[in-house]
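The primary structure of each chain is shown beneath.
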Amino acid sequence: MKPLSFSVMLVFSLCSALCSTEEDTPSEQFFIENNNLIRIVNNTDTFNLNDVITIETVIDNNQTTVNNEDILLSNLFYDDILYTSFLQHNLVLYKETGFRTLSPITVTLDDIENIEGLTEVNGNFMQIRSYYDSNTNTFISEFSITLKESGTFFISDNRFGLNDYRGIFITGGVLELGFAQIKSPIQNANEDGGYRFTVN
């Protein structure tokens, strides 16, 4: 057999063995809408330079799906593995330019203080993990951002300002147990889905 033919067959064999199959689909998928999960602490919309804005996410373990099915989000995770029971979502900080357009601001880890859960930075995205707390029966995250520029800002997701904006999606689960997708705006956000605030 020629080396090229063997290589092509090997690639196809590996792909068929490793590529997605029906077994890679979560056993169950749950879709939830809940408007009261993400909030700006104290609902503040005016800050001074070098103040902090604090974002909190609290997700009750008991949720009702869009099909009126009651579920426990913690059932979508193995409870014997430390720090694997979390739900996650992304947020982006935008600044309004002089042309009334939105420009994503890259926030660094030096600008973020983790209070609960974990917030990491990936490009313009802040990736937030809300870990399960069995004492409160909730998934919680809280972090603050130091505001180092003046101007008008918005916090939302990466689709904010686009025609197909659909909201912030919080997701999580384990393949074998199921997967949840929760749609939630930031409390007191404007009708376009962005929480507007000013830094003087």
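Quick caveat, the model's predicted, so the values are computed rather than measured.

Participant: Is there a simple way to explain the overall build of the chain in this structure?
Facilitator: Assigned secondary structure in the chain consists of one helix and 16 strands. When the 200 residues of the chain are sorted by exposure, 35% land in the buried category. The contacts of the chain with a sequence gap of at least 6 include a subset with a gap of at least 24, amounting to 70%. When the accessible surface of the chain is summed, it comes to about 11,900 Å², and 48% of that surface belongs to carbon and sulfur atoms.

Participant: What is the right way to look at unusual backbone geometry in this model?
Facilitator: Backbone geometry follows two general trends: most residues other than glycine have a negative phi, and most peptide bonds adopt the trans configuration. Phi angles above zero are rare outside glycine, and Arg-100 is one such case at about 65 degrees. Looking at where Arg-100 falls in the secondary structure, it is placed in the loop between strand 7 (86-96) and strand 8 (102-105).

Participant: Sorry, what's going on with the nonpolar core here?
Facilitator: Here is a general trend for soluble globular proteins: nonpolar side chains tend to be buried in one another's company. Core analysis: the largest hydrophobic core is formed by 36 residues, its most contacted members being Ile-53, Ile-55, Leu-73, Leu-91, Met-126, Ile-155 and Phe-197. Those residues in contact with Ile-53 that lie beyond four places of it in its chain are Ile-40, Phe-47, Phe-143, Ser-144, Ile-145, Leu-147, Ile-155 and Phe-197.

Participant: How should I be thinking about the side chain of His-89 in this particular structure?
Facilitator: For His-89, the location among the structural elements is in strand 7. The contacts of His-89, once residues within four sequence positions are left out, are Ile-38, Thr-57, Met-126, Gln-127, Ile-128, Ser-130, Ser-141, Ile-168, Phe-169 and Ile-170.

Participant: Got a minute to help me understand the pairing of strand 4 (residues 52-60) in this structure?
Facilitator: Here is the key point about a regular strand: its side chains alternate between the two faces of the sheet. One ladder, built from three bridges, connects strand 2 (residues 38-40) with strand 4; its direction is antiparallel. Bridging from a neighbouring strand, Ile-40 pairs with Ile-55 of strand 4. Judged from the nine bridges that link them, strand 4 and strand 12 (residues 138-146) form a sheet pairing that is antiparallel. Note that in strand 12 the partner of Asp-60 across the bridge is Thr-138.

Participant: How should the pairing of strand 10 (residues 118-122) be read in this particular structure?
Facilitator: Sheet topology note: the strand 10/strand 11 (residues 125-133) ladder contains five bridges and is antiparallel. Pairing of Glu-120 across the sheet is with Gln-127, part of strand 11. Counting the residues between successive antiparallel strands, the hairpin from strand 10 to strand 11 contains two residues, one of them, Gly-123, with a positive phi of roughly 65 degrees.

Participant: Please explain the pattern of salt bridges as it appears in this structure.
Facilitator: A side chain of one charge can pair with a side chain of the opposite charge when the charged atoms of the two come close. By the definition in use, this model includes four salt bridges. For the salt bridge of Arg-39 with Glu-56, the shortest nitrogen-to-oxygen distance reads 2.7 Å. Of this pair, Arg-39 sits in strand 2 while Glu-56 sits in strand 4, and the two are 17 residues apart along the sequence. Between Glu-149 and Lys-95 there is a salt bridge, with its nearest N and O atoms 3.0 Å apart.

Participant: Help me out: how do you make sense of the packing of aromatic side chains in this one?
Facilitator: To describe a pair of aromatic rings, you give the distance between the ring centres and the angle between the ring planes. Within this structure, the stated rule accounts for seven aromatic pairs. Counting every residue linked through ring pairs, the aromatic cluster contains Phe-47, Phe-153 and Phe-197.

Participant: Just to check I follow, could you spell out the environment of Gly-172 for this structure?
Facilitator: Structurally, Gly-172 is set in strand 14 (residues 168-174). With a relative accessible area of 9%, Gly-172 lands in the buried category. For the pair Gly-172 and Phe-86, spaced 86 residues apart in the sequence, the C-alpha separation amounts to 6.6 Å. When sequence neighbours within four positions are dropped, the list of residues in contact with Gly-172 reads Leu-76, Phe-77, Phe-86, Leu-87, Gly-178, Phe-179 and Ala-180.

What counts and how
- Sequence order sets the numbering: in each chain, residues are counted from 1 along the sequence as written.
- Given that the model is predicted, a residue must reach a pLDDT of at least 70 before its local features are reported, and side-chain atom pairs must reach 80 or more before they are shown or counted; all residues, however, enter totals for whole chains, interfaces and linings.
- Each side-chain value is derived from all of the structure's non-hydrogen atoms; neither hydrogens nor water enter the calculation.
- Secondary structure elements are defined from DSSP: runs of H or I of at least 4 residues count as helices, runs of E of at least 2 residues count as strands, and each element is numbered from the N terminus.
- Remark: exposure states derive from per-residue accessible area (1.4 Å probe, protein chains only) relative to the maximum for the residue type, with buried under 20%, exposed over 50%, and partly exposed in between.
- Residue contacts follow a heavy-atom distance rule, with two residues in contact if any of their heavy atoms lie within 4.5 Å.
- In short, Shrake-Rupley with a 1.4 Å probe defines the accessible areas, and a residue's cover is counted only from the protein chains shown.
- For this analysis, a nonpolar core means a set of buried residues of the types Ala, Val, Leu, Ile, Met, Phe, Trp, Tyr and Cys, connected via side-chain atoms within 4.5 Å.
- Whether two strands pair comes down to DSSP finding at least two bridges between them.
- Criterion for a salt bridge: a side-chain nitrogen of Lys or Arg within 4 Å of a carboxyl oxygen of Asp or Glu.
- A pair of Phe, Tyr and Trp rings is counted when the ring centres sit within 6.5 Å of each other, with Trp represented by its six-membered ring. The angle between the planes then sorts it: under 30 degrees is stacked, over 60 is edge-to-face, the rest tilted.

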